[in-house]
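Spelled out from the first residue to the last, the chains are:
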Amino acid sequence: MKFSTSSVVAIAALAGSAAAFAPSAPSFNRITSSLSMSEVAEDNKKVTKKKKRMEFMSSDSFHRKGFRDVRDGVEKSMEEQFKSQLVDELRSNDFVLERNGVKVYLAKDFGFCWGVERSIALAYEAVEHFPGKTVHITNELIHNPEVNDNLHDMDVQF
């Protein structure tokens, strides 16, 4: 692409006069300092999700560690619901049991993971700790109909 001499001169003239439109140093500094102070004020007013979460977690209504006053009863209840002599026997026999010519194998990782067990225990503890109150959880804790039915029977809402 070629430019004529007159167009190059016109562009050079415009570039030289562009400084005329730039703000002078004192007024420019005043504008930027007022903008930065308003930005700081907005940052102080802005409450992020993290700040809200941290405030809630430090409140008295947040119970991350559960409720020790009802824990023993909940542990017994969970043991009655989820422990089985058959599973214990399978585990003690290297996860294999044979009866009447039929072999039954149990997965070595059978059962709930620690996190699921903990969340079920927390839900049960909350129901026991707050009798007569409605307990809400955001969703099913696990895709296990027996656990979800137990929670519904305890009047847990999800």
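Residues numbered from 1 in each chain as written. Predicted model: local features only at pLDDT ≥ 70, side-chain atom pairs only at ≥ 80, totals over all residues. Heavy atoms only, no water.

Can you help me understand the pattern of salt bridges in this one?
Per the counting criterion, the structure on display carries 2 salt bridges. Of the charged contacts, one joins Arg71 and Glu125 as a salt bridge, the two residues approaching to 3.1 Å between their closest N and O atoms. Pair noted here: Arg71 is in helix H4 (residues 68-82) and Glu125 is in helix H6 (residues 114-129), with a separation of 54 residues, a long-range link. Classification of Glu125 by relative accessible area gives buried; the value is 4%. The partner of Glu89 in a salt bridge is Arg99, with the nearest N and O atoms 2.9 Å apart. Of this pair, Glu89 sits in helix H5 (residues 85-92) while Arg99 sits in strand E1 (residues 96-99), placing them 10 residues apart in sequence. A relative accessible area of 29% means that Glu89 is categorised as partly exposed. Its relative accessible area of 45% is what places Arg99 among the partly exposed residues. (Salt bridge = Lys/Arg side-chain N within 4 Å of Asp/Glu carboxyl O. Helix = DSSP H or I, 4+ residues; strand = E, 2+ residues; numbered from the N terminus. Buried < 20%, exposed > 50% of the residue type's maximum accessible area, 1.4 Å probe, protein only.)

Function cannot be inferred from these measures alone, as they are strictly geometric.
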